[in-house]
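Here is how the chains run, residue by residue.
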Amino acid sequence: MTQVPRTGIISALRQELDAVLADLPDEQRQRAGGRDFWVGHWHGHEVVAVLSRVGKVAAATTATTLIERFGVDRILFTGVAGGLAEGARVGDVVVARSFLQHDMDGSPLFPRFEVPLYGKARFATDTALSDALAAAAGAVLADAETALGADAVAEFNLRAPRLHQGLIVSGDRFIATSADGATLRGAMPDALAVEMEGAAVAQVCDDYGLPFAALRTLSDRADDDASVDFMRFIERVASRYSAAILDRHFRLLPKT
Ligand code: ADE
């Protein structure tokens, strides 16, 4: 008998998880590792949704628990990030193709950014899963007003949001000054965005050989204005994008 695949969905913030849970008709709570794991279905697919909280350690333990205790077969991460690349604007969405820890530095023993004893700095996301997520994101962004409502589109001036795909960098620091954003841009010129969890989950999924994909709505530009209206943006824009994109993803995902 073939087993139905189970998808773990990690969110870093409560508002994002709430938007996901609102779309699950039947979730049941299970406690493990100091967290609530919500086991349910999304368009007939088995899912386990969980709040990781913020930072790489919290994300890594959450991903490990999802794999070891809940037996998930793949992991999706949904959240926000600060835009680093020139065209990466607030309200755009990034689907990660690889992750790097920008605060990893084992030099001079290992090259800067390389995760010691892995022999690499960059951890790729799963191509097929990322393709599927990108397709869902593209379709939702093409009609942002349906996903967000006209009021949110007007409030945050989100005309013609774009989808980007490529490198996201992670570290245990919220980047809230233009100087820090410029430093990251200088060190990693192809980085599209910065956040605080993705690279940790990518490393755990690499350890277990599990497909991983991640979706980030840009809430700021990783500059001096980065903390302005952060929570309001998450509630009114990022959470709604996440829910709409994942809803489309699970609606289209084959049940095998
Ligand atoms: N998540 C969203 N914006 C961020 C920023 N500027 N730095 C780190 N993580 C973020």
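One can find the structure itself at the top, above this paragraph.
Everything numeric in this text was worked out from a predicted model, so none of it was measured.

Cut-offs applied
Residues numbered from 1 in each chain as written. Predicted model: local features only at pLDDT ≥ 70, side-chain atom pairs only at ≥ 80, totals over all residues. Heavy atoms only, no water. Buried < 20%, exposed > 50% of the residue type's maximum accessible area, 1.4 Å probe, protein only. Helix = DSSP H or I, 4+ residues; strand = E, 2+ residues; numbered from the N terminus. Pairing = 2+ DSSP bridges. Contact = heavy atoms within 4.5 Å.

*Asks:* I'm lost on the pairing of strand β4 (residues 45–51) in this one. Help?
*Replies:* Successive side chains on a regular strand alternate, one facing one side of the sheet and the next facing the other. Most of β4 is tucked away: six of the seven residues are buried. Here strand β1 (residues 6–11) runs beside β4; their pairing, made up of six bridges, is parallel. Directly across from I10, in β4, lies its bridge partner V50. Across six bridges, the pairing between strand β3 (residues 35–42) and β4 is antiparallel. When the sheet's bridge partners are listed, W38 is paired in β4 with A49. Joining the antiparallel neighbours β3 and β4 is a turn of two residues, in which H43 adopts a positive phi near 50°.

*Asks:* Any chance you could explain the environment of A60 here in plain terms?
*Replies:* Here A60 lies in helix α2 (residues 56–68). Residues A60 and S178 lie 118 residues apart in sequence; the distance between their C-alpha atoms is 28 Å. In this view, A60 contacts A200 and V204; residues no more than four positions away in its chain are not counted.

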